[in-house]
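These are the residues of each chain, in order.
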Amino acid sequence: MIFLINVQTMKVNSIAEKGTNIINEDNFIIKDNMFGVFDGATSLDKYIDSKGKTGGYLASSIAKEAFGYNDIPLVDLANIANDKIMQEMKRRKITVENKVNLWSTSAAIVRIVNSKLDWLQIGDSLILIINKDNSFRLLVENYDHDEAVLVMWKQLADKGVRNIWNEISDASVKLRKTMNVNYGILNGEKEMNNFLNIGVENLNNIAHILLFTDGLFIPKKDPKKPDDFSKFVELFLSGGLAEVKKYVRNIEKSDPECSIYPRFKQYDDIVAI
């Protein structure tokens, strides 16, 4: 492992909070100069093992462990994580030929070396950079693969439909079948390499680096509109990750039926660094 970093010059904070489900399927890693978040997604066959661990949790845990080695390029670590997810699914006799059975996880990883930030991203876990002048940018902007289904959700909610999940189940299955076809995810499929986003940033003008899963996205009424990261940054600069989480949870609390702010569950899992 090779890294040069003065930890005394850094302040690292993290948050993790379970959503509506029994366990938090998201994971994060803070190890030496490696930082990452992983958003596990439950397979549609609802796999759960004897210890109460879901496929989404297992996928994000496997990815976290793989990136912990931190001794080769990030792309290679992503492939190791992806392969290990497939190996574990096969070991547990998951029918991997059916996409809806696949365990999966998104990922957003950064590794700090000297004055450079190496990064890798796949899925809808994000990396947001805030500069010293408080300007900001996402390192990846094309990440929203749920829009079409959430637009359908909003239309049904506006019509007063109560049990929306029953109405969109076919659309959810169709969406899941486009993993590593229309959007990327770590789920054991080699095609995920076509969706890996990687880059290098100079740290000289950067004040804050934020990594977070989609549970920290600010809920929005119109799924067609872009996410409001100007509000996100405003909240972060006033009170850190905890302030963003408080704002998100208050909106979610006000809309238990997910009818005003379309989303798949009242409270999503959150991890952020």
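The sections below set out a description of the structure shown in this document. (Residues numbered from 1 in each chain as written. Predicted model: local features only at pLDDT ≥ 70, side-chain atom pairs only at ≥ 80, totals over all residues. Heavy atoms only, no water.)

## A few points about helix 5 (residues 229–254)
Definition in use: Secondary structure elements follow DSSP: runs of H or I no shorter than four residues count as helices, runs of E no shorter than two count as strands, and numbering proceeds from the N terminus. Multiply 1.5 Å by the residue count of a helix minus one, and that product is the helix's expected span. By definition, a residue's bend is the angle between the axes fitted to the seven residues ending there and the seven starting there. Three labels apply to residues, based on accessible area from a 1.4 Å probe with only protein chains included: buried if under 20% of the type maximum, exposed if over 50%, partly exposed otherwise in between. Residue contacts are counted whenever heavy atoms from the two residues lie within 4.5 Å of one another.
Over its 26 residues, helix 5 extends only 21 Å from the first C-alpha to the last, a length that falls short of the 38 Å expected when each residue adds 1.5 Å. Most pronounced at Gly-239, the bend in helix 5 amounts to some 130 degrees. Listed in full, the buried residues belonging to helix 5 are Phe-229, Phe-232, Val-233, Leu-235, Phe-236, Leu-241, Val-244, Lys-245, Val-248, Arg-249, Ile-251 and Glu-252. If you follow the buried residues of helix 5, they end up packed against strand 1 (15–17), strand 6 (126–131), strand 7 (136–138), strand 9 (206–212) and strand 10 (270–272).

## A few points about the sheet that holds strand 4 (residues 104–113)
Our working definition: Two strands make a pair as long as DSSP finds a minimum of two bridges between them. The angle between two axes is taken between their N-to-C directions and runs from 0 to 180 degrees, where each axis is a line fitted to C-alpha atoms and a helix contributes only its stretch in contact.
Strands sit in the order 2-3-4-5-8 across an open sheet of five strands; the sheet is antiparallel. The open sheet terminates on both sides in strands that have one partner only, identified here as strand 2 (26–31) and strand 8 (197–202). Geometrically, the sheet is characterised by an average inter-axis angle of 10 degrees between neighbouring strands, direction not taken into account. In the packing of helix 1 (residues 55–67) onto the sheet, the strands contacted are strand 2, strand 3 (34–41), strand 4 and strand 5 (116–122), and the crossing angle to strand 3 comes to about 160 degrees.

## Notes on the pattern of salt bridges
So the rule is basically this: One speaks of a salt bridge when a side-chain nitrogen belonging to Lys or Arg is within 4 Å of a carboxyl oxygen belonging to Asp or Glu.
The tally for this structure, following the rule as stated, stands at 14 salt bridges. A salt bridge links Lys-190 to Asp-83, with the nearest nitrogen and oxygen atoms 2.9 Å apart. Of this pair, Lys-190 sits in the loop between helix 4 (164–176) and strand 8 while Asp-83 is found in helix 2 (residues 74–91), placing the two residues 107 residues apart along the sequence. For Arg-249, the salt bridge identified is with Glu-252, shortest N-O distance 2.9 Å. You can see Arg-249 and its partner Glu-252 sitting in helix 5, three residues apart, about one turn around the helix. The burial state of Arg-249 is the same as that of Glu-252; both residues are buried.

## Considering the pairing of strand 4
Most of strand 4 sits out of view: nine of its ten residues are buried. Here eight bridges tie strand 3 to strand 4, and the two strands are oriented antiparallel to one another. Each residue of the ladder has a partner; that of Phe-35, found in strand 4, is Val-110. Where strand 4 meets strand 5, seven bridges bridge the pair, whose relative direction is antiparallel. Looking at strand 5, one finds that Val-110 is bridged to Trp-119.

## Details of the nonpolar core
Our working definition: We define a nonpolar core as any set of buried Ala, Val, Leu, Ile, Met, Phe, Trp, Tyr and Cys residues linked to one another through side-chain atoms lying within 4.5 Å.
Counting residues in hydrophobic clusters, the biggest one holds 40 residues, and the most contacted among them are Phe-67, Met-89, Trp-103, Ile-109 and Leu-186. If you list the elements that add at least two residues to this core, you get strand 3, helix 1, helix 2, strand 4, strand 5, helix 3 (147–158) and helix 4. With seven residues, helix 2 is the single largest residue contributor to this core. Among all residues touching Leu-186, those that are not within four sequence positions of it are Ala-63, Ala-78, Ala-81, Asn-82, Ile-85, Trp-103, Ser-104, Thr-105, Ala-107, Ile-122 and Met-192.

## A few points about the packing of aromatic side chains
Counted only if it meets this: Ring pairs shown here join Phe, Tyr and Trp side chains whose ring centres sit within 6.5 Å, with only the six-membered ring taken for Trp; geometry is labelled stacked below 30 degrees between planes, edge-to-face above 60, and tilted in between.
Taken as a whole and judged by the stated rule, the model has eleven aromatic pairs. A centroid spacing of 5.6 Å and a plane angle of 35 degrees characterise the contact between Trp-165 and Phe-264, whose relative ring orientation is tilted. Placement of the pair is Trp-165 in helix 4 and Phe-264 in the loop between helix 5 and strand 10, with a sequence separation of 99 residues. On the basis of relative accessible area, Phe-264 is assigned to the partly exposed category, the value being 25%. Arranged with centres 6.0 Å apart and planes meeting at 80 degrees, the rings of Phe-212 and Phe-217 form a pair that is edge-to-face. The two residues Phe-212 and Phe-217 agree in class, both being buried. Taken together, the ring pairs in this structure connect Tyr-143, Phe-212, Phe-217, Phe-229 and Phe-232 into an aromatic cluster.

## A short note on the packing of helix 3 against helix 4
Under the convention used in this document: For this classification, under 35 degrees means roughly parallel, over 145 means roughly antiparallel, 65 to 115 means roughly perpendicular, and everything else is oblique. Take the far helix as the reference: if the near one is turned anticlockwise from it by less than a right angle, the crossing is left-handed, and if turned clockwise, right-handed.
In the contact formed by helix 3 and helix 4, the axes pass within 10 Å of each other and the chain directions differ by 165 degrees. Our classification of the angle between helix 3 and helix 4 gives roughly antiparallel. In terms of crossing hand, the pair formed by helix 3 and helix 4 is right-handed. Facing Val-149, Met-152, Trp-153, Leu-156 and Ala-157 of helix 3, the residues of helix 4 in contact are Ile-164, Trp-165, Glu-167, Ile-168, Ala-171, Ser-172 and Leu-175.

By themselves these figures say nothing about function.
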